[in-house]
Amino acid sequence: MVPELPPLPALTRAEGELVDRYLEVVDLLGRINPARGRDTYSGLRAAQALAAKAAALRDALTLMHERGESELHAATLGRALRVLDGERRAGRVAVPPP
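To keep things clear, this report deals only with the structure shown in the data block. (Residues numbered from 1 in each chain as written. Predicted model: local features only at pLDDT ≥ 70, side-chain atom pairs only at ≥ 80, totals over all residues. Heavy atoms only, no water.)

Once that is clear, we can look at the overall build of the chain. A count of helices and strands for the chain gives four helices and zero strands. Listing the helices and strands of the chain from first to last along the sequence gives α-α-α-α. Over its C-alpha atoms, taken along the principal directions, the chain stretches across nearly 40 × 40 × 25 Å. In the chain, which comprises 98 residues, the proportion classed as buried is 24%. Look at the contacts in the chain between residues 6 or more apart in sequence, and 82% of them connect residues 24 or more apart. (Helix = DSSP H or I, 4+ residues; strand = E, 2+ residues; numbered from the N terminus. Buried < 20%, exposed > 50% of the residue type's maximum accessible area, 1.4 Å probe, protein only. Contact = heavy atoms within 4.5 Å.)

Residue placement: Arg21 occurs in helix α1 (residues 13-32). Judged by relative accessible area, Arg21 falls into the buried class, the value being 14%. Reaching out from Arg21, the side chain makes a polar contact with the side chain of Glu17 at a distance of 2.5 Å. At 2.9 Å, the side chain of Arg21 forms a polar contact with the side chain of Glu24. What Arg21 contacts, discounting residues up to four positions off in sequence, is Ala56, Leu57 and Ala60. (Polar contact = N/O pair within 3.5 Å; in protein donor to acceptor, adjacent residues only side chain to side chain.)

What follows is about the environment of Ala94. Along the chain, Ala94 falls in the segment after α4 (86-91). A sequence separation of 59 residues divides Ala94 from Ala35, and the C-alpha atoms of the two residues are 8.5 Å apart. For Ala94, the residues in contact, after removing those within four places along its chain, are Asn33 and Arg36.

Take Ser70: it is sitting in the loop between α2 (40-66) and α3 (74-83). What makes Ser70 exposed here is its relative accessible area of 64%. Distance from Ser70 to Gly43, taken between C-alpha atoms, is 34 Å for residues 27 residues apart in sequence.

Quick look at the nonpolar core now. As a rule of thumb, nonpolar side chains are buried together in soluble globular proteins. In this structure, Ala14, Leu18, Val19, Leu23, Val25, Leu57, Met64, Leu77 and Ala80 together form the largest nonpolar core, which totals nine residues. By residue number, the principal contributor to this core is α1, which donates five residues. Beyond its immediate sequence surroundings of up to four residues, Ala80 is in contact with Leu8, Pro9, Leu11 and Val19. (Core = buried A, V, L, I, M, F, W, Y, C linked by side-chain atoms within 4.5 Å.)

The subject of this paragraph is α3. Buried within α3 are the following residues: Leu77, Gly78, Ala80 and Val83. Contacts made by the buried residues of α3 are with α1. Looking at the residues trailing α3, positive phi occurs at Asp85, about 65°.

It is worth stressing that arrangement in space is one thing and function is another; only the former is reported here.
Have a look at this one:
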């Protein structure tokens, strides 16, 4: 039986969009990481997709700013990232230990 994940904290739609777009960028950076990659083609495809995902991340932040959401609630957003496996996903961006 799979353990039940904790629920996501309450987020605005814009905050949810920010978290989703951020994790998409992190996933692509993990695929591009030359210390973890297996072939150039998969890194190339991820790098090509990165520009569009980075623009979507920018748009999510722009929308928040335009709506007057000027503060990032780091503790709440951090909890959301942890529930969505953000620590493991972001870990793929780092250089692995020798």
